[in-house]
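Below, each chain spelled out in residue letters.
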Amino acid sequence: RDDDDINDVASMAGVNLNEESARIMATNSDLVGTQIQSCKDEPFLAAIPLHKRILETAKKLGITDVPAEVVTFISHATQNRLRAVIEKVTVITQHRMESYKDDEWYEQATDVRSQLKFFEQLERLEKQRKDEQEREILLKAAKSRSRQEDPEQARLKQKAKEMQQQELAQMRQRDANLTALAAIGPRKKRKLDAPGLLSIGGEGVGVCGGSQAGLGTASPRQYPRQKITRVNLRDFIFYMEQEREMSRSLLLYRALLK
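All residue numbers refer to position in the chain's written sequence, counted from 1. Predicted model: local features are reported for residues with pLDDT of at least 70 only, side-chain atom pairs are reported and counted for 80 or more only, and whole-chain, interface and lining totals are derived from all residues. Only hydrogens and water are removed before side-chain values are computed, so all heavy atoms of the structure are retained for them.

**Here we look at a nonpolar patch on the surface**
Here is step 1 of the chain: Two distance rules govern patches: like charges are joined within 9 Å, and nonpolar side chains (Val, Leu, Ile, Met, Phe, Trp, Tyr) within 5 Å, applied only to residues with over 30% relative accessible area and no salt bridge. Only the protein chains shown count as cover for residues, and the accessible areas themselves come from Shrake-Rupley with a 1.4 Å probe. We count a salt bridge whenever a side-chain nitrogen from Lys or Arg sits within 4 Å of a carboxyl oxygen from Asp or Glu. Together, F118, F119, L122 and L125 give the surface a local cluster of nonpolar side chains, amounting to about 410 Å² of exposed area.
Here is step 2 of the chain: Counting from the N terminus, the helices are the DSSP runs of H or I reaching at least four residues and the strands are the DSSP runs of E reaching at least two. If you trace the backbone, F119 turns up in helix 5 (residues 112-143).

Written out as structure tokens, the structure is:
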């Protein structure tokens, strides 16, 4: 009676159960007759050293026997814990490397780099101004022809002479560099070989795929470049600060001291 009720409802809905069953069997025909076998349980850590380490810890607590299932369970737990740590640290690294400069939903509030460049430029101008003042003082001391010179005046004259000699040496070095560059002539850019060409004895030989051979160009293989995420110690420190179990651990304090 239940089957009749189902058939009545299906027929009222315009569904033919025999056709649907045949269609399902035709769709999953590649799975019919196949055997599914479970994979071997591969431990993440080496079983023998891990078992020995667990036994050493268990003996301190009065446990003399640790079955192999416990070793496998601890190995899988270590694998899951390590995978979770790596995933979280990877997300932290990606957020650190993400740039919002070109994002239309963000606007730049401060530019520390430009501020530092501005301060460096101010320091450079101040140093240049002090150097110019010192140079004027030295030149005045060098031009003075007083008969009775004190030791300070003699020291300034000696320093002015050394400064003039240094400037003269710099000018000579600059002139020698310009003369050498003029003798060498303008540097020509090296012509890059066409992709897919092997230069043998100055002749370009095209490498073609398959059985074809001859002159010509061949499209080089383009391998997808894998993006590498580099995690540093600062990312691990940030991760440990966010974790409740590790925010007050000795490992975090040791990492902060490095």
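**A word on the packing of helix 4 (residues 68-97) against helix 7 (residues 233-242)**
Here is step 1 of the chain: Lines fitted to the C-alpha atoms define the axes, with helices restricted to the stretch that makes contact. Angles between their N-to-C directions range from 0 to 180 degrees. Between helix 4 and helix 7, whose axes approach to 9 Å, the crossing angle comes to 115°. One finds that helix 4 runs roughly perpendicular with respect to helix 7. Both helix 4 and helix 7 take part in a crossing whose hand is right-handed. Listed contacts from helix 7 to R81, V85, K88, V89, I92, T93 and R96 of helix 4 are R234, D235, F236, F238 and Y239.
Here is step 2 of the chain: Here the nonpolar group is Ala, Val, Leu, Ile, Met, Phe, Trp, Tyr, Cys and Pro; Asp, Glu, Lys and Arg are the charged ones; every other residue, Gly included, is treated as polar. For the contact of helix 4 with helix 7, a count of residues per class yields six nonpolar, one polar and five charged. Here the angle decides the label: under 35 degrees means roughly parallel, over 145 means roughly antiparallel, 65 to 115 means roughly perpendicular, and every other value means oblique. What makes a crossing left-handed is the near helix being turned counterclockwise from the far one by less than a right angle; a clockwise turn instead makes it right-handed. The contact definition used throughout considers only heavy atoms, calling two residues in contact when any of these lie within 4.5 Å.

**Quick word on the nonpolar core**
Here is step 1 of the chain: Nine residue types can take part in a nonpolar core, namely buried Ala, Val, Leu, Ile, Met, Phe, Trp, Tyr and Cys, and a core is a set of them joined through side-chain atoms within 4.5 Å. Here the term buried applies to any residue with accessible area under 20% of the maximum for its type, exposed to any over 50%, and partly exposed to those in between, with areas from a 1.4 Å probe on protein chains only. Counting nine residues, the largest nonpolar core consists of V85, V89, I92, I237, Y239, M240, M246, L252 and A255.
Here is step 2 of the chain: Elements with a contribution of two residues or more to this core: helix 4, helix 7 and helix 8 (250-257).
Here is step 3 of the chain: Discounting residues that sit within four places of it in the chain, V85 has contacts with F236 and Y239.

**Quick notes on the environment of A47**
Here is step 1 of the chain: With respect to the helices, strands and loops of the structure, A47 is situated in helix 3 (residues 47-60).
Here is step 2 of the chain: Through-space distance from the C-alpha of A47 to that of S75 is 8.1 Å; in sequence the pair is 28 residues apart.

**Structural notes on the confidence of the model for the protein**
Here is step 1 of the chain: Looking at the protein, pLDDT values average 77 and 73% of them are 70 or higher.
Here is step 2 of the chain: A residue's pLDDT is the confidence the predictor assigns to it, expressed on a 0 to 100 scale. Ignoring residues within four places in sequence, the model shows residues 194-218, a span with pLDDT below 50, making 24 contacts including any to other chains.

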